[in-house]
Amino acid sequence: HWMYPKFFVNSDKVFLIKNGINLEKFRFNEQTRTEYRKKLGIENDFVVGHVGRFSYLKNQEFLVDIFNEILKHISNSKLLLVGNYVLDSNYYDLTVKKIRDYGIEDKVEFLGLREDVNLLMSAMDCFVLPSRYEGLPIVGIEAQAIGLPCFFSDTITRELAITNLCHFLPEGKEYKIWAKNIIQAKGRSRANTYNIMKNSGFDMNSEVKRLEKFYHYE
């Protein structure tokens with residue numbers, strides 16, 4: 001609406017291509033989960049996962065508050081932080097400091113930039129994205145595709161709610177409420193969301209074919 005207001009007067013002029021992902025790559029595999037949990041030394045832990053660069057937007061400091069509260073109820077919990085900072089290390093340093101202040105360094109793994117995010121997601125038990133604001137975060141789509149219970153800030157667009165795995169919670173407030181909801185995900189069996197994701201238009205291969213058809217590509 002903002003960029004092309006004239007086109008939205010008549011919606012027939014709008015052709016929408018969704019930002020699809022490789023659903024096969026993010027299809028849950030129990031064997032992969034077992035192998036990666038063993039590799040990371042987290043076989044018997046309740047694993048909270050997060051993927052995102054360290055920044056004001058992603059709100060990792062609040063995530064640490066949430067996780068510290070989870071530890072009070074589930075002592076064998078682990079937090080996997082996948083990602084790094086870009087140019088400015090300020091929010092990375094603030095996150096590290098808060099973890100040290102809580103004295104939970106042994107409970108948090110900084111995994112940096114990774115090419116195996118799909119495999120790491122297999123090892124997680126839930127996915128948490130407490131962003132201060134976001135449009136349509138691709139990691140949220142990937143987390144649902146692999147069947148993870150997902151906990152998002154209520155400032156993130158509801159377009160992300162593709163499956164019933166999504167829970168939207170108050171941004172930056174009441175970390176105890178976040179922790180309570182996340183704890184309820186413990187022991188939950190993995191959902192098979194492949195067909196739901198495919199039918200919702202987030203399959204990369206299907207969207208490529210739609211685009212080719214639009215341009216009459218042969």
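Further up the page is the structure itself.
Residues numbered from 1 in each chain as written. Predicted model: local features only at pLDDT ≥ 70, side-chain atom pairs only at ≥ 80, totals over all residues. Heavy atoms only, no water.

A. Representation of a nonpolar patch on the surface within the structure. The grouping of Phe15, Ile17, Leu211, Phe214 and Tyr215 at the surface amounts to a nonpolar patch, some 470 Å² of accessible area in total. With a relative accessible area of 30%, isoleucine 17 lands in the partly exposed category. (Patch = residues over 30% accessible without salt bridge, like charges linked within 9 Å, V, L, I, M, F, W, Y side chains within 5 Å. Areas by Shrake-Rupley, 256 points an atom, 1.4 Å probe, with all protein chains shown as cover. Salt bridge = Lys/Arg side-chain N within 4 Å of Asp/Glu carboxyl O. Buried < 20%, exposed > 50% of the residue type's maximum accessible area, 1.4 Å probe, protein only.)

B. Structural view of the pairing of strand S3 (residues 108–112). As paired strands, strand S2 (residues 77–82) and S3 are joined by four bridges and run parallel to one another. Across the sheet, the residue bridging to leucine 81 is phenylalanine 110, located in S3. Viewed along the sheet, the connection from S2 through helix H3 (residues 90–102) into S3 turns out right-handed. (Pairing = 2+ DSSP bridges. Helix = DSSP H or I, 4+ residues; strand = E, 2+ residues; numbered from the N terminus. Right-handed = clockwise from strand over helix to strand, strands pointing away.)

C. Broad picture of the packing of helix H2 (residues 60–73) against H3. Running from N to C, H2 and H3 cross one another at 20°; their axes reach a closest spacing of 9 Å. Between H2 and H3, the crossing angle belongs to the class labelled roughly parallel. As for how H2 packs across H3, the hand of that crossing is right-handed. Taking contact as the criterion, the partners of Gln60, Glu61, Val64, Asp65 and Asn68 in H2 are, on H3, Tyr91, Leu94, Thr95, Lys98, Ile99 and Tyr102. Considered class by class, the residues forming the contact of H2 with H3 number five nonpolar, three polar and three charged. (Axes fitted to C-alpha atoms, helices over the stretch in contact; angles between N-to-C directions. Parallel < 35°, antiparallel > 145°, perpendicular 65-115°, else oblique. Left-handed = near helix turned anticlockwise from the far one by under 90°. Contact = heavy atoms within 4.5 Å. Nonpolar A, V, L, I, M, F, W, Y, C, P; charged D, E, K, R; others polar.)

D. Geometry of the packing of aromatic side chains. Counted by the stated rule, this structure contains eight aromatic pairs. Aromatic pair tyrosine 92 and phenylalanine 110: ring centres 5.4 Å apart, planes at 65°, arrangement edge-to-face. Taken together, the residues tyrosine 92 in helix H3 and phenylalanine 110 in strand S3 connect sequence positions 18 residues apart. With relative accessibility at 23%, the residue tyrosine 92 sits in the partly exposed group. Their ring planes at 50° and their centres at 5.8 Å tell us that phenylalanine 152 and phenylalanine 168 sit as a pair that is tilted. Within this pair, whereas phenylalanine 152 is found in strand S5 (residues 150–153), its partner phenylalanine 168 is found in strand S6 (residues 166–169), the two being separated by 16 residues in sequence. One aromatic cluster is present, built from ring pairs that chain together Phe54, Tyr85, Tyr92 and Phe110. When the ring centre of tyrosine 194 is taken as origin, the NZ or CZ atom of arginine 27, which lies over that ring, is 3.8 Å away. The ring of tyrosine 56 carries the charged tip of arginine 132 above its face, separated from the ring centre by 4.0 Å. (Phe/Tyr/Trp six-rings, centres within 6.5 Å; stacked < 30°, edge-to-face > 60°. Lys NZ or Arg CZ within 6 Å of the ring centre and 35° of its normal.)

E. View of the environment of serine 200. Summarising the element assignment, serine 200 is placed in the loop between helix H7 (194–199) and helix H8 (204–214). Sequence separation between serine 200 and isoleucine 162 is 38 residues, and the spatial gap between their C-alpha atoms is 7.2 Å. When neighbours within four sequence positions are excluded, serine 200 is seen to be in contact with Lys18 and Ile162.

F. Molecular detail of the nonpolar core. Membership of the largest hydrophobic core comes to 32 residues, with the highest contact counts inside it found for Val51, Met121, Met124, Phe127, Leu148 and Phe152. Secondary-structure elements contributing two or more residues to this core are strand S1 (46–51), S2, helix H4 (117–123), strand S4 (126–129), helix H5 (138–145), S5 and H7. For phenylalanine 152, the residues in contact, after removing those within four places along its chain, are Phe127, Leu129, Gly140, Leu160, Cys166, His167, Phe168, Leu169 and Trp178. Counting residues in hydrophobic clusters, the runner-up holds 24 residues, among them Val64, Ile99, Ile182 and Ala185. (Core = buried A, V, L, I, M, F, W, Y, C linked by side-chain atoms within 4.5 Å.)

G. Representation of the pairing of S5 in the model. Here S5 shows a buried face lined by Cys150 and Phe152 and a second buried face lined by Phe151 and Ser153. Across three bridges, the pairing between S4 and S5 is parallel. Looking across to S5, one finds that valine 128 is bridged to phenylalanine 151. A crossover links S4 with its parallel partner S5, the connecting element being H5, and its sense is right-handed.

H. How the structure looks around the side chain of serine 122. By secondary structure assignment, the location of serine 122 is in helix H4. Look at serine 122 and you get buried, because its relative accessible area is 3%. The contacts of serine 122, once residues within four sequence positions are left out, are Phe28, Thr32, Arg33, Ile146 and Arg190.

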